[in-house]
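# Breakdown of the fold
Read off the chains here:
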Amino acid sequence: ANAQNVAEAILQDTLEQFRDTRLDMNAIKNNLGGEDAGPYATILIQECGLMNQLLQTIVSSLEALDLGFRGEITMTQNMASLQDSLFIDRVPSAWASFYASERNLASWLQNL
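Overview of the structure.

The next point concerns the overall build of the chain. For the chain, the helix and strand inventory stands at 6 helices and 0 strands. The linear arrangement of helices and strands in the chain, starting from the amino end, is α-α-α-α-α-α. When its C-alpha atoms are laid out on the principal axes, the chain stretches across 55 × 30 × 20 Å. The buried share of the chain, reckoned over its 112 residues, is 30%. With an accessible surface of roughly 7,000 Å², the chain has 49% of that area assigned to carbon and sulfur atoms. When the 6 basic and 14 acidic side-chain charges of the chain are each reduced to a single mean position, those positions are 1 Å apart.

A few words on the packing of helix α3 (residues 39-69) against helix α4 (residues 77-87). Following both chains from N to C, one finds α3 and α4 inclined at 100°, their axes separated by 10 Å at the closest point. Comparing the axis directions of α3 and α4 gives the class roughly perpendicular. Contacts between α3 and α4 involve Ser61, Leu62, Ala64, Leu65, Gly68 and Phe69 on the former and, on the latter, Met79, Leu82, Gln83 and Leu86. Among the residues forming the contact of α3 with α4, the class breakdown is 7 nonpolar, 3 polar and no charged.

Within the largest apolar cluster, 19 residues are counted, with the highest numbers of intra-cluster contacts made by Leu11, Leu62, Leu65, Leu86, Trp95, Leu105 and Trp108. Sorting the residues of this core by element identifies α1 (3-18), α3, α4 and α6 (105-111) as the ones contributing at least two each. For this core, the element with the highest residue contribution is α3, accounting for 7 residues.

Here we come to the pattern of salt bridges. Tallied over the full model, the rule gives 3 salt bridges. For the salt bridge of Glu72 with Arg70, the shortest nitrogen-to-oxygen distance reads 3.1 Å. One salt-bridge network, held together by shared partners, links Asp66, Arg70 and Glu72.

Tallied over the full model, the rule gives 2 aromatic pairs. Every member of this aromatic cluster is reached through a ring pair, and the members are Trp95, Tyr99 and Trp108.

Checked against the element boundaries, Glu102 lands in the loop between α5 (93-96) and α6. Separated by 11 residues in sequence, Glu102 and Val91 place their C-alpha atoms 8.7 Å apart.

What follows covers the environment of Leu112. As for its placement among the helices and strands, Leu112 is situated in the segment after α6. Between the C-alpha atom of Leu112 and that of Ala41, which follows or precedes it by 71 residues, the distance is 20 Å.

Turning to unusual backbone geometry, a few remarks are in order. Although it is not a glycine, Asp89 adopts a positive phi angle of roughly 60°. Tracing the backbone through its elements, the reader meets Asp89 in the loop between α4 and α5. Look at Asp89 and you get partly exposed, because its relative accessible area is 27%.

About the cut-offs
Residues numbered from 1 in each chain as written. Predicted model: local features only at pLDDT ≥ 70, side-chain atom pairs only at ≥ 80, totals over all residues. Heavy atoms only, no water. Helix = DSSP H or I, 4+ residues; strand = E, 2+ residues; numbered from the N terminus. Buried < 20%, exposed > 50% of the residue type's maximum accessible area, 1.4 Å probe, protein only. Areas by Shrake-Rupley, 256 points an atom, 1.4 Å probe, with all protein chains shown as cover. Lys, Arg positive; Asp, Glu negative; His and termini not counted. Charge placed at Lys NZ, Arg CZ, Asp CG, Glu CD. Axes fitted to C-alpha atoms, helices over the stretch in contact; angles between N-to-C directions. Parallel < 35°, antiparallel > 145°, perpendicular 65-115°, else oblique. Contact = heavy atoms within 4.5 Å. Nonpolar A, V, L, I, M, F, W, Y, C, P; charged D, E, K, R; others polar. Core = buried A, V, L, I, M, F, W, Y, C linked by side-chain atoms within 4.5 Å. Salt bridge = Lys/Arg side-chain N within 4 Å of Asp/Glu carboxyl O. Phe/Tyr/Trp six-rings, centres within 6.5 Å; stacked < 30°, edge-to-face > 60°.

Next up, the structure:
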């Protein structure tokens, strides 16, 4: 299998898993005491917000790469780098900036 085919398969699996996944920030805040949340709850709320940003980054970058694979937009260097990362099972740098790890991509995604 070539790099694009491998990357496309991972892309589709990952989009299927995360496209509609977001943490409900209002529910989390309300369950943790709203404006009266203590310092640990405040940190948890911030981490949940960061996780939503990561999920949005994953989905938007994969959707753009999918458009590139289909020829609907021009492949950029960032998209080619994302393809390479998917192919070699490495966490893309744009994603790792949210949640750094030495894990391979498959393990990292499973650990989200």
